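Residue-level structural notes
In case you want the letters, here they are:
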There are 2 protein chains.
Amino acid sequence: MNLHWDDLKTVLELVRHGSLASAGAQLGVNYTTVARRVARAEAALGEVLFERLADGYQPTEAALLVARHAGEMQQSEDTLLRHLAGRDERLSGPLTLTAPQLLIAHVLAPALQTFAEAHPNVDLRVKATNDLLDLTRREADLGVRVSRDPGDTLTGLRLAAQDSASFASADWAARIAEDPTAPIDWIVYEAHATLPKHVLQTSPSSRIRYRFDDMIALAGAAQAGLGVVRMPMFLGRSLDGLVQVPLLPPTPYMDIWLVGHPDVWPSAKVTALRQAIRADLKARRALFVA
Amino acid sequence: MNLHWDDLKTVLELVRHGSLASAGAQLGVNYTTVARRVARAEAALGEVLFERLADGYQPTEAALLVARHAGEMQQSEDTLLRHLAGRDERLSGPLTLTAPQLLIAHVLAPALQTFAEAHPNVDLRVKATNDLLDLTRREADLGVRVSRDPGDTLTGLRLAAQDSASFASADWAARIAEDPTAPIDWIVYEAHATLPKHVLQTSPSSRIRYRFDDMIALAGAAQAGLGVVRMPMFLGRSLDGLVQVPLLPPTPYMDIWLVGHPDVWPSAKVTALRQAIRADLKARRALFVA
DNA sequence: TGCAATACGTGCGAAAATGCATGCATGAAT
DNA sequence: ATTCATGCATGCATTTTCGCACGTATTGCA
């Protein structure tokens, strides 16, 4: 009986995910298939790879060894896929972009439309998420990220510098204009965030009333009048029902980057999308700064 | 449609072997299966991997790229298999030894018998060939080789130093004893071999009458009385119908080595076989030298 | 104690992969 | 010109693999 490479891949995912069901989900197969492939791999290798316990499959040392080398194989596969993608000169077929939802909705949409009309044969897939997808593993071909730099392994193009400022509903804006010393409710992003020093000095009656882990929810809360938020200029300007309030002067914020893996970067489709996005944002540069 | 690792392996073997049939033979599947897997890989990658020409499948650049990375994957697989074998402490299951036919027949057989009796659960497989099997790819676990050194990547244990001398049938031996100046027919090994200088000086009437590319055939020819041969001491002594003749004094010959890959070397089965062979040959050390 | 969720094994029918037989094309040898 | 060997495509029957439905065991929680 001889060893199937796909069975090694299956062992790898089972070691990574711990249960037949989740490994199967990752592989796109039923969990029974995972169990059967593992059994086949055990027969082929002559080694017990997992202990079948009540709460799941527990990998043996041999399984960890298999997983280690199968991981290397997967890296080779990833590299192959990147190289194939990178030398692809066709302007057709799938192309995957990832970006935060709010950037897509309020910034990137026009560029995507321009691109889609210019290249009707490209099947553009947009993964809208704040998760940093792994471009090394080709979870996406290009990514738009808000960060200080593009990172070590990725190639990056700075699309725009941006400022942040304070925004709130018209209600709140009126109240602040009326009585600058009145108590101010802030809605801040992420659990451990603090108020900017400037705010603490000039508006000592400020307090953090809500902490949100999601920028979309936070924006909605601000629109609903729950309080004042600090957010990028483009976002405050784009959202209905929000106006800038003078609590926090415009401050430099993280830049917007277009990033990609250097192997994939030269592909025709990636180059075309890159240029479409870059041209569009260059024309609207003023949207992002005060 | 998603990519099967086994299809990458299939593309690799097709690139290496050039035809569906030989790739299929290598993989142990029908050639139609190779054709279908290649078609599947092409669909999954969105790339044409081979041009179907009248005289076979011609790989495209993309196929060469696939093959390169699939080769890396195969190396990972080989390394995995070696590591698994190396940490195997069981004295059961398959164990493969490779050695030249004549060494097995006339030297190793007793040691193998001892080993087999001591370890009845080991399934000992002997690959008798002069080809140097690839121990890195686990074509064998241990090899016995006649050479100057074990090579760079393999671990080696010198089993015996040996001499060579001249041998011939009883007929020839009598003729030489009778008239040392009579013409002597030599049978030499390999195409470009020449007679030793010592022979040219002391027996100027010597001439090369036959050149053989196979030591077994050569030994048989000597037994049949076709002429005089130079061969290792152990072999001349072991073959019926051959006696040593004084044309060529015993001369140091290449050593006999037991070699293995360092990853596999510590395995229990390999260690046991190694010790059996080493002990046996140590006891019969005199067989190899004058 | 009872219920829901998670995790796995098993049997069966459906789907996919495989092997085999046949036929065609090409090139080399007779 | 004919024959043979090599190499591949295609259709069909078989084998293998897979997904699904059902059953069991365990854990956590109310």
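Presented here is an overview of the structure given in this document. (Residues numbered from 1 in each chain as written. Chains lettered and ligands numbered in written order. Predicted model: local features only at pLDDT ≥ 70, side-chain atom pairs only at ≥ 80, totals over all residues. Heavy atoms only, no water.)

On to the protein's contact with DNA strand C, then. With respect to spatial proximity, 17 residues lie near DNA strand C, and among them Tyr31 and Tyr57 of chain A together with Thr33, Arg36 and Arg37 of chain B are the closest. Taken together, the sugar and phosphate atoms account for 61% of what DNA strand C places within 4 Å of the protein. Within the backbone of Leu20 of chain A, one N or O atom sits 2.9 Å away from a phosphate oxygen of DNA strand C. With respect to DNA strand C, the side chain of Arg40 of chain B contributes an N or O atom lying 3.0 Å from a phosphate oxygen. At the level of elements, α2 (20–27), α3 (31–45) and β2 (56–59) of chain A together with α3 (31–45) of chain B are the ones that each hand at least two residues to the surface near DNA strand C. At six residues, the largest contribution of residues to the surface near DNA strand C is made by α3 of chain B. The residue makeup of the surface near DNA strand C, split by class, is seven nonpolar, six polar and four charged. (Near = heavy atom within 4 Å. Polar contact = N/O pair within 3.5 Å; in protein donor to acceptor, adjacent residues only side chain to side chain. Helix = DSSP H or I, 4+ residues; strand = E, 2+ residues; numbered from the N terminus. Nonpolar A, V, L, I, M, F, W, Y, C, P; charged D, E, K, R; others polar.)

Moving on to the packing of aromatic side chains. Aromatic rings in a pair are described by how distant their centres are and how their planes are angled relative to each other. Residues and elements named next belong to chain B. Tallying each qualifying case throughout the model produces six aromatic pairs over all chains. Measuring from ring centre to ring centre gives 5.7 Å for Phe50 and Tyr57, while their planes differ by 50°; the resulting arrangement is tilted. Like Phe50, the residue Tyr57 is buried in the burial classification. Note on Phe234 and Phe288: the rings are 5.7 Å apart at their centroids and 55° apart in plane angle, and the pair reads as tilted. Of the two residues, Phe234 is situated in helix α9 (residues 233–238) and Phe288 in the segment after α10 (268–283); the sequence distance between them amounts to 54 residues. We classify Phe288 as buried; its relative accessible area is 1%. If you follow Arg175 out to its NZ or CZ, it ends over the ring of Trp172, 4.2 Å from the centre. (Phe/Tyr/Trp six-rings, centres within 6.5 Å; stacked < 30°, edge-to-face > 60°. Buried < 20%, exposed > 50% of the residue type's maximum accessible area, 1.4 Å probe, protein only. Lys NZ or Arg CZ within 6 Å of the ring centre and 35° of its normal.)

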